[in-house]
Amino acid sequence: MSHYTTRFGGFFHAPSEVSDFLLCQRDLLQPNRMQHMGHFLNRLKASQISCVGNDGRGWWVLLEALAFSSDVLKSYWLDQGTSEDFAQANALLTVPAGFKTDFMSVPSILPWSQCLAQSPRAGTVHDYLYTAGPAGIHPVPSRLLADQILREMFISDITEDGGASTDSDRAALEARADLVFLGVRAGGKPHWD
């Protein structure tokens, strides 16, 4: 499989606007975040279909479906008053084979750009969550929920690969996941609408 790089195709705010925005977003992080740990059900199998385009990031296509069972989404459905069975059934996110992705779109000059390349599965599912279907309906009820699930997937993906074996590793991973979450809160809106 070809190596991939992550580059950005979007817009920037003035630095003061970004810092003000990020401060306002802190409260949206999940309380007791490590309690919410979904898991991927399979590995990512994708093939590069273009090394150019999409502002230089290149495009990949899934060769097989990619599935993630989200505790964040399950908690959301339970908070809405649904049954345990409904919440469990609707917490499974499946990206179909043939879906096109650029993994993660992030400015390469930002401090978290390198850590994002470590989680192409999370980027792929997040791209899917941001993609409205033919009726204009997204796979999850809100952009905030999609971004909280990205944070959950980022932690799950790296933890499953043995990337957070000590308490200090877990703390560093949570801090990186917070940056990922805040980054998509700051720059993701144009891609949701």
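Refer to the structure printed above.
How each quantity is defined
- Residue numbers run consecutively from 1 along every chain, following the written order of its sequence.
- It should be noted that, the model being predicted, local features are given only for residues of pLDDT at least 70 and side-chain atom pairs only at 80 or more, the latter also being counted only at that level, while totals for whole chains, interfaces and linings use all residues.
- In computing side-chain values, all of the structure's heavy atoms are included and hydrogens and water are not.
- Burial classes: relative accessible area under 20% of the type maximum marks a residue as buried, over 50% as exposed, and values in between as partly exposed (1.4 Å probe, protein chains only).
- Segments assigned H or I by DSSP are reported as helices when at least four residues long, segments assigned E as strands when at least two residues long, and all are numbered from the N terminus.
- Any two residues whose heavy atoms approach within 4.5 Å at even a single point are treated as in contact.
- Each polar contact in these results corresponds to two N or O atoms within 3.5 Å; when the atoms are within protein, one needs to be able to donate a hydrogen and the other to accept it, and residues that are neighboring in sequence are counted only if both atoms are side-chain atoms.
- Angles shown run from 0 to 180 degrees and are taken between the N-to-C directions of axes, each axis being a line fitted to C-alpha atoms and, for helices, limited to the stretch in contact.
- Roughly parallel here means an angle under 35 degrees, roughly antiparallel means over 145, roughly perpendicular means 65 to 115, and every remaining angle is called oblique.
- Left-handed describes a crossing whose near helix is turned anticlockwise from the far helix by less than a right angle; the clockwise case is right-handed.
- A pair of strands counts as paired when DSSP detects no fewer than two bridges linking them.
- In this scheme Phe, Tyr and Trp rings, the latter by its six-membered ring, pair at centre separations within 6.5 Å, and the angle between planes marks the pair as stacked below 30 degrees, edge-to-face above 60, and tilted otherwise.
- Residue type decides the class: Asp, Glu, Lys and Arg count as charged, Ala, Val, Leu, Ile, Met, Phe, Trp, Tyr, Cys and Pro as nonpolar, and the leftover types, Gly among them, as polar.
- We count a salt bridge whenever a side-chain nitrogen from Lys or Arg sits within 4 Å of a carboxyl oxygen from Asp or Glu.

Participant: Is there a simple way to think about helix α2 (residues 71-79) in this case?
Facilitator: Because each turn of an α-helix spans 3.6 residues, side chains separated by three or four positions end up pointing in the same direction. Those residues of α2 not exposed but buried are Val72, Leu73, Lys74 and Trp77. Along its buried surface, α2 packs onto α3 (84-89), β5 (92-95) and α6 (143-160). Of the residues flanking the start of α2, the one acting as N-cap is Ser70, its side-chain oxygen 3.3 Å from the backbone nitrogen of Val72. Gly81 sits one or two positions beyond α2 and adopts a positive phi of about 90 degrees.

Participant: How should the packing of helix α5 (residues 120-129) against α6 be read in this particular structure?
Facilitator: In helix packing, the relevant descriptors are the interaxial angle and the interaxial distance, both defined with respect to the helix axes. Orientation of α5 relative to α6, taken along the N-to-C sense of each, is 160 degrees, at an axis distance of 8 Å. Considering their axes alone, α5 and α6 lie roughly antiparallel with respect to each other. Relative to α6, α5 is oriented so that their crossing is right-handed. Here Pro120, Arg121, Ala122, Gly123, Val125, His126 and Leu129 of α5 lie close against α6, whose contacting residues are Ala146, Asp147, Ile149, Leu150, Met153, Phe154, Asp157 and Glu160.

Participant: Please explain the sheet that holds β5 as it appears in this structure.
Facilitator: Through backbone hydrogen bonds, the strands of a sheet pair up, either in parallel or in antiparallel fashion. Strand order across the open sheet formed by 3 strands is β1-β4-β5, with antiparallel pairing between neighbours. If you trace the sheet from one side to the other, it starts and ends with β1 (39-40) and β5, each paired once.

Participant: It is not clear to me how the environment of Leu41 should be interpreted in this structure. Could you clarify?
Facilitator: If you trace the backbone, Leu41 turns up in the loop between β1 and β2 (46-50). C-alpha separation for the pair Leu41 and Thr94, spaced 53 residues apart in sequence, amounts to 9.6 Å. Aside from chain neighbours lying at most four places away, what touches Leu41 is Ala67, Phe68, Ser69 and Leu92.

Participant: Looking at this model, I keep getting lost on the packing of aromatic side chains. Mind explaining?
Facilitator: For any pair of aromatic rings, the description rests on two quantities: the centre-to-centre distance and the angle between the ring planes. In this structure the tally under the stated criterion is 6 aromatic pairs. Here the aromatic residues Tyr76, Trp77 and Phe86 are joined through ring pairs into a cluster of three or more.

Participant: Help me understand the pairing of β5 in this model?
Facilitator: Both faces of the sheet carry side chains from a regular strand, because those side chains alternate between them. Every second residue of β5 is oriented toward a common face, the buried set being Leu93 and Val95 and the non-buried set Leu92 and Thr94. With 4 bridges connecting them, strand β4 (residues 66-69) and β5 associate as antiparallel partners. Counted as the bridge partner of Leu66 is Val95 from β5.

Participant: For this particular structure, what's the right way to read the packing of α2 against α6?
Facilitator: The N-to-C vectors of α2 and α6 enclose an angle of 140 degrees; their axes lie 8 Å apart at closest approach. With respect to each other, α2 and α6 are oriented oblique. Between α2 and α6, the residues in contact are Asp71, Val72, Leu73 and Tyr76 and Leu145, Gln148, Ile149 and Glu152, respectively. For the contact of α2 with α6, the residue count by class is 5 nonpolar, 1 polar and 2 charged.

Participant: Sorry, what's going on with the pattern of salt bridges here?
Facilitator: As a working rule, side chains carrying opposite charge can pair if their charged atoms are close by. Counted by the stated rule, this structure contains 7 salt bridges. Among the ionic pairs, Lys74 bridges to Glu84, the shortest N-O distance being 2.6 Å. Here Lys74, found in helix α2, pairs with Glu84, found in helix α3; they are 10 residues apart in sequence, far enough to count as distant. On the basis of relative accessible area, Lys74 is assigned to the buried category, the value being 17%. Residue Glu84 is classed as partly exposed on the basis of its relative accessible area of 43%. The structure contains a network of salt bridges with shared partners spanning Arg143, Asp147 and Arg185.

Participant: Whenever I open this one, the environment of Leu179 confuses me. Can you help?
Facilitator: Turning to its location among the elements, Leu179 is positioned in helix α7 (residues 167-187). Sequence-wise, Leu179 and Arg151 are 28 residues apart; in three dimensions their C-alpha atoms are separated by 9.0 Å.

Participant: Looking at this structure, how should I read the sheet that holds strand β6 (residues 100-101)?
Facilitator: Reading across the sheet, the 3 strands line up as β2-β3-β6 and stay open at both edges, with antiparallel pairing between neighbours. With one partner strand each, in any of the chains shown, β2 and β6 form the two edges of the open sheet. Relative to strand β3 (residues 59-62), β2 runs antiparallel, the two sharing 4 bridges. Bridge pairing in β3 links Gln48 to Trp60.

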